[in-house]
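Take a look at the letters that make up each chain.
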Amino acid sequence: MKFDISHEGRTTLSTTREDAEALGYPDQVIADAEGGVRKDAAKAECRRRIYGAASAETQMNMATAAAVISAKEASARTEDEASILSGLDDAIGWVAQMRGRVIELADDVALDIGDDANWPPLPDGARDVVDKF
């Protein structure tokens, strides 16, 4: 893994752990630099998975539908509209879970950021509403 590292006014770009150690950077400074790279990778993977489930356009359409449907009295909503709101609630919860995993995955170097098993699955309700848009 390559990373940039700075300590006590000195910066080294695109280095490795071994090279940073040879240059005398403290272990904690190296670990922090590696952690930053891992966190950025986890954020990018999270974003990729979220947009893979629902494109930006789909998300905008979902938000618009939520605003229109939510403006109605609950008793005036159709069954389909109620299911859309329920699915949107599932989707919002899933995104929150996904974002929560970023920190966990960044902090635990034993976990593979790219492994599907390390990310929460898209709930069926969320998948159903995404398919509508």
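Residues numbered from 1 in each chain as written. Predicted model: local features only at pLDDT ≥ 70, side-chain atom pairs only at ≥ 80, totals over all residues. Heavy atoms only, no water.

Novice: I would appreciate a short explanation of the overall build of the protein chain in the present structure.
Specialist: For the protein chain, the helix and strand inventory stands at 5 helices and 2 strands. Mapped from its N terminus to its C terminus, the protein chain presents α and β elements in the order β-β-α-α-α-α-α. For 133 residues, the compact-globule formula gives about 14 Å, and the C-alpha radius of gyration of the protein chain, at 21 Å, lies well above that figure. On the principal axes, the C-alpha backbone points of the protein chain span a range of 70 × 30 × 20 Å. Within the protein chain, buried positions represent 32% of all 133 residues. If you take every contact in the protein chain between residues at least 6 apart in sequence, the share linking residues at least 24 apart comes to 52%. In the form shown here, the protein chain has an accessible surface area of approximately 8200 Å², with 52% of it arising from carbon and sulfur atoms. Counting 15 positive and 26 negative side-chain charges, the protein chain places the centres of these two groups 3 Å from one another. (Helix = DSSP H or I, 4+ residues; strand = E, 2+ residues; numbered from the N terminus. Rg over C-alpha atoms; globule rule 2.2 N^0.38 Å. Buried < 20%, exposed > 50% of the residue type's maximum accessible area, 1.4 Å probe, protein only. Contact = heavy atoms within 4.5 Å. Areas by Shrake-Rupley, 256 points an atom, 1.4 Å probe, with all protein chains shown as cover. Lys, Arg positive; Asp, Glu negative; His and termini not counted. Charge placed at Lys NZ, Arg CZ, Asp CG, Glu CD.)

Novice: Before we go on, may I ask you to explain the layout of surface pockets in this structure?
Specialist: Empty space among the atoms can be located by rolling a probe the size of a water molecule over them. The volume enclosed by the largest pocket comes to roughly 450 Å³. Taken together, 22 residues make up the lining of the largest pocket; nearest its centre are Ile 50, Gln 59, Ala 91, Val 95 and Arg 99. Going through the elements one at a time, α2 (27-53), α3 (56-70), α4 (79-107) and α5 (124-132) are the ones with two or more residues in the lining of the largest pocket. The element that contributes the greatest number of residues to the lining of the largest pocket is α4, accounting for 8 residues. (1 Å grid on protein atoms, 1.4 Å probe; cavity = no way out; pocket = protein on both sides within 12 Å on 5 of 7 lines; lining within 4 Å. Points joined across faces, edges and corners; volume = space filled by probe spheres on them.)

Novice: Explain the pairing of strand β1 (residues 3-7) here, please?
Specialist: When a strand is regular, its side chains alternate between the sheet's two faces. Relative to strand β2 (residues 10-15), β1 is paired through 4 bridges, and the arrangement is antiparallel. If you follow Phe 3 over to β2, its bridge partner there is Thr 15. Linking β1 back to β2 in an antiparallel pair, the connection comprises 2 residues, with Glu 8 at a positive phi of about 50 degrees. (Pairing = 2+ DSSP bridges.)

Novice: Looking at this structure, I do not really get the side chain of Glu 81. What am I missing?
Specialist: Relative to the elements of secondary structure, Glu 81 occurs in helix α4. The exposure class assigned to Glu 81 is buried, which follows from its relative accessible area of 13%. Contacts of Glu 81, omitting those with residues within four sequence positions, involve Ile 69, Lys 72 and Ala 76.

Novice: So what exactly am I meant to see when it comes to α4 here?
Specialist: Each α-helix turn comprises 3.6 residues. Residues three or four places apart therefore point the same way. Across its 29 residues, α4 extends 43 Å between first and last C-alpha, which sits within 8% of the 42 Å expected from 1.5 Å per residue. The set of residues buried in α4 consists of Glu 81, Ile 84, Gly 87, Leu 88, Ala 91, Trp 94, Val 95, Met 98, Arg 101, Val 102, Leu 105 and Ala 106. Where α4 is buried, its residues meet α2, α3 and α5. (Expected span 1.5 Å × (residues − 1).)

Novice: Hey, could you run me through the pattern of salt bridges in this one?
Specialist: Any two side chains of opposite charge can pair, on the condition that their charged atoms come close. Taken as a whole and judged by the stated rule, the model has 9 salt bridges. Here Lys 132 and Asp 80 are joined by a salt bridge, their closest N and O atoms 2.4 Å apart. A residue pair is termed long-range when its members are at least 10 positions apart, and Lys 132 in helix α5 and Asp 80 in helix α4 qualify at 52 residues. Exposure remark for Asp 80: the relative accessible area of 41% places this residue in the partly exposed category. For Asp 124, the salt bridge goes to Arg 127, with nearest N and O atoms at 3.2 Å. Residue Asp 124 and its partner Arg 127 are both found in helix α5; the two are separated by 3 residues, about one turn of the helix. Here Asp 124 falls in the exposed class, since its relative accessible area comes to 58%. In this structure, a network of salt bridges that share partners links the residues Glu 45, Arg 48, Arg 49 and Asp 116. (Salt bridge = Lys/Arg side-chain N within 4 Å of Asp/Glu carboxyl O.)

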